[in-house]
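# Breakdown of the fold
So the chains spell out like this:
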Amino acid sequence: MTRTMVVAGGASGIGLATVKQAIRDDWRVIIVDRQDPLETVDARLIRCDLLDADASREALEGIVRDEKVVDALVITIGVAMGGPLGSRDVEDWVRGFSTDTLSALRPVRSLLPALQAAATAKDIADVVVVGSIASSIAFKDAVVYGAAAAARHALGEQLRMELRTERIRARTIAAGFTTTPLNAGREHEIPAVTEQILAAPLHPEDVAAVVHHGLNLSPEVTVHDGVMVPTCQGWV
């Protein structure tokens, strides 16, 4: 039976790695992103800025109309927001915080009917929110980033409680330092990332493997509050 996955932020990094693994596993994949994928993949692309309320509603509700059933929603979209609080204008921080939070909330709410339909028809559906260990650990120059990560983590946990009786598994994966296009070239600017971690970081494919492990578990099993870091990242 064909399974359908929507990946919010699937054009690059962890999202693209998740898309590629899904295609190898014979999922039908829909990418929601404001840019084209960095690699050619056999997936439907819906160009959309999830900060735009009207565009998001049209795009996401269109998926529900077209697909009817969505078996998994994976949210990887986000931005890197570093620096002391006083180093950026307040509206820069607001936009970054909104990107990391609204980009998770809007897809879940809009695609909920299609996730519910999948759970009814196939006995299970999944929501995976990929976040950061900054959700629970304070880092230097990461006030807004950490606050947004905490919001994403709380969303995943609250969804787990609310949706479990509908056979929708929700969970958050809090990742440590991962090499992605988002931080390429600025690795040394990221607080607490040491030369040892840079030598053996997580890769997008590592996170994607954990995402897919959870999707392939028995419908009676949910793994939640997942944390993954490079083996040498001992301060978590």
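A brief report on the enclosed structure follows.

## With respect to the side chain of Thr172
Counting through the fold element by element, Thr172 comes out in strand S6 (residues 168-175). Given a relative accessible area of 4%, Thr172 falls into the buried group. Setting aside residues no more than four positions away along its own chain, Thr172 makes contact with Val129, Gly131, Arg152, His153, Gly156, Glu157, Asp225 and Gly226.

## Here's the deal with the side chain of Thr18
Note that Thr18 resides in helix H1 (residues 13-24). The residues contacting Thr18, other than those within four sequence positions of it, are Met5, Val7, Val74, Ala208, Val211 and His212.

## Considerations on the nonpolar core
Membership of the largest hydrophobic core comes to 31 residues, with the highest contact counts inside it found for Val6, Ile63, Ile75, Val127 and Ile168. Sequence-distant contacts of Val127, defined by excluding residues within four places in its chain, comprise Leu73, Val108, Leu115, Leu159, Ile168, Arg169, Ala170 and Arg171. Listed in part, the 21 residues of the second largest apolar core include Ile14, Val19, Trp27 and Ala72.

## Focus: the environment of Ala72
Residue placement: Ala72 occurs in strand S4 (residues 72-75). In this structure Ala72 comes out as buried when scored by relative accessible area, which is 0%. For the pair formed by Ala72 and Asn216, sequence separation is 144 residues and the distance between their alpha carbons is 11 Å. Those residues in contact with Ala72 that sit more than four places away from it in its chain are Thr4, Met5, Val6, Trp27, Leu115, Asp126 and Leu215.

About the criteria used
Residues numbered from 1 in each chain as written. Predicted model: local features only at pLDDT ≥ 70, side-chain atom pairs only at ≥ 80, totals over all residues. Heavy atoms only, no water. Helix = DSSP H or I, 4+ residues; strand = E, 2+ residues; numbered from the N terminus. Buried < 20%, exposed > 50% of the residue type's maximum accessible area, 1.4 Å probe, protein only. Contact = heavy atoms within 4.5 Å. Core = buried A, V, L, I, M, F, W, Y, C linked by side-chain atoms within 4.5 Å.

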